[in-house]
Amino acid sequence: MTNVTNLETNETIEISETIQDYLSLIYVMERDGEPVIGSRLAELLGVKPPTVTATLKRMVRDDLITMDENGTHLTDQGWAASKVVMRRHMLMEWMMQKTLPWSKLHSEAHHLEHAISAMAESALMEQLGRPQTCPHGNPLPGCESAVENWVPLLDLAVGEIATIRRIHELAEENTDLLGYLEKNLVIPGVQMEVMEILPFNQTVTISVGEKPVTLGNAVAKYIFVEQI
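A.B. asks: Any chance you could break down the nonpolar core for me, citing the residues and the numbers?
C.D. replies: Ranked by size, the top nonpolar core spans 59 residues in total, and within it Leu41, Met59, Leu153, Met192, Ile206, Leu215 and Ile223 carry the most contacts. Looking at this core, the element that brings in the most residues is helix H1 (residues 17–31), giving eight residues. Composition of this core by domain shows at least three residues from each of domain 1 (1–135) and domain 2 (151–227). Not counting chain neighbours up to four residues away, the residues in contact with methionine 192 comprise Leu153, Leu156, Glu160, Ile161, Ala162, Ile164, Ile206, Ser207, Val208 and Val225.

A.B. asks: Talk me through the packing of H1 against helix H4 (residues 76–96); I want residue IDs and the actual numbers.
C.D. replies: It is at 9 Å that the axes of H1 and H4 come closest, and there the two elements cross at 105°. On the basis of their axis angle, the class for H1 and H4 is roughly perpendicular. Taking contact as the criterion, the partners of Gln20, Leu23, Ser24, Tyr27, Val28, Glu30 and Arg31 in H1 are, on H4, Gly78, Trp79, Ala81, Ser82, Lys83, Val85 and Met86. The class makeup of the residues in the contact of H1 with H4 is seven nonpolar, four polar and three charged.

A.B. asks: How would you explain H1 if you had to name every residue and give the values?
C.D. replies: Taking 1.5 Å as the rise per residue, H1 with 15 residues should run 21 Å; its terminal C-alpha atoms sit 21 Å apart, in good agreement. With 13 of its 15 residues buried, H1 lies for the most part within the structure. With its phi angle positive at about 75°, glycine 33 sits one or two positions after the end of H1.

A.B. asks: Please provide a residue-by-residue account of the pattern of salt bridges, values included.
C.D. replies: One pass over the structure, following the stated rule, counts 10 salt bridges. A cluster of three or more residues bridged by salt bridges with shared partners is formed by Arg31, Asp32, Arg166 and Glu169.

A.B. asks: Mind laying out the pairing of strand E4 (residues 71–74), listing which residues take part and the relevant values?
C.D. replies: Every second residue of E4 is oriented toward a common face, the buried set being Thr72 and Leu74 and the non-buried set Gly71 and His73. In this structure, strand E3 (residues 65–68) lies alongside E4, joined through four bridges in antiparallel fashion. Of the residues in E4, the one forming a bridge with aspartate 68 is glycine 71.

A.B. asks: Tell me about the packing of aromatic side chains, residues and numbers included.
C.D. replies: Aromatic ring pairs are defined here through the distance separating the ring centres and the angle between the ring planes. With the rule as written, the count across this model stands at one aromatic pair. Ring geometry for tyrosine 27 against tryptophan 79: centres 5.5 Å apart, planes inclined by 75°, an arrangement best described as edge-to-face. With a gap of 52 residues between them, tyrosine 27 in helix H1 and tryptophan 79 in helix H4 connect regions that are remote in the sequence.

A.B. asks: I'd like to hear about the environment of histidine 106, residue by residue, with values.
C.D. replies: Here histidine 106 is to be found in helix H5 (residues 105–112). Remark: the alpha-carbon pair of histidine 106 and valine 213, spanning 107 residues in sequence, is separated by 23 Å. Apart from the residues lying within four places of it in its own chain, the contact partners of histidine 106 are His89, Glu93, His136, Glu172, Glu173 and Leu178.

A.B. asks: I'd like a description of the layout of surface pockets, backed by residues and values.
C.D. replies: Any empty space left between atoms is shown by rolling a water-sized probe over those atoms. The calculated volume of the largest pocket comes to roughly 380 Å³. What lines the largest pocket is a set of 22 residues, and nearest its centre among them are Ser24, Leu25, His106, His110 and Glu173. Where the lining of the largest pocket is concerned, the elements lending two or more residues are H1, helix H2 (38–45), helix H3 (49–61), H4, H5 and helix H7 (169–172). Top contributing element to the lining of the largest pocket by residue count: H1, with six residues. The residue makeup of the lining of the largest pocket, split by class, is eight nonpolar, nine polar and five charged. Structurally, the lining of the largest pocket is a two-domain feature, drawing no fewer than three residues from each of domain 1 (1–135) and domain 2 (151–227).

Scoring rules and cut-offs
Residues numbered from 1 in each chain as written. Predicted model: local features only at pLDDT ≥ 70, side-chain atom pairs only at ≥ 80, totals over all residues. Heavy atoms only, no water. Core = buried A, V, L, I, M, F, W, Y, C linked by side-chain atoms within 4.5 Å. Buried < 20%, exposed > 50% of the residue type's maximum accessible area, 1.4 Å probe, protein only. Helix = DSSP H or I, 4+ residues; strand = E, 2+ residues; numbered from the N terminus. Domains from an automatic or database assignment. Contact = heavy atoms within 4.5 Å. Axes fitted to C-alpha atoms, helices over the stretch in contact; angles between N-to-C directions. Parallel < 35°, antiparallel > 145°, perpendicular 65-115°, else oblique. Nonpolar A, V, L, I, M, F, W, Y, C, P; charged D, E, K, R; others polar. Expected span 1.5 Å × (residues − 1). Salt bridge = Lys/Arg side-chain N within 4 Å of Asp/Glu carboxyl O. Pairing = 2+ DSSP bridges. Phe/Tyr/Trp six-rings, centres within 6.5 Å; stacked < 30°, edge-to-face > 60°. 1 Å grid on protein atoms, 1.4 Å probe; cavity = no way out; pocket = protein on both sides within 12 Å on 5 of 7 lines; lining within 4 Å. Points joined across faces, edges and corners; volume = space filled by probe spheres on them.

Laid out in structure tokens, this is it:
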């Protein structure tokens, strides 16, 4: 079990590492207005649907989520706990950015986020200059305004130039995908141009450093850019 302390209320909530994993995914889905569906959680977490069902029931019991005809939603306590989990995860990514490849930060931070204390979290926030996003460009809880002007890559037309700013959290769950993006320099801070859009096969081709990179729409929808 791990004690998670909300820095705003100083409330301590004891939750397991497994529950923290669920909280982080539900947080992202709720933040983005995506329905929290058990089969989707099972896919992202790599577990079977009955396992998800049993875990969600425990979370209802512990007043972390509600489940009714209106869907699955975080409670106030669930929101507080999930924000702490997300913030610690992102701080761990920043802490390791000079040591590990960009594509490995998410998976490695996943192992460390459960161990960080409230004191270490606070110290890291200050040491890192209170970052508003993680190394993948996703907003720390409370900093959503930092990314609100970035648009999905799929919104661009052929010939438009933009700077890559963000790879969505749900894409971070796929380490092989992050490795492909890093290899092809499809990472935050890099300038790109849309070269070709093919609706019939659901692909978009961009130019990164004069190198063409073709992405399926299923991937491109998770890439956000700042238009130039």
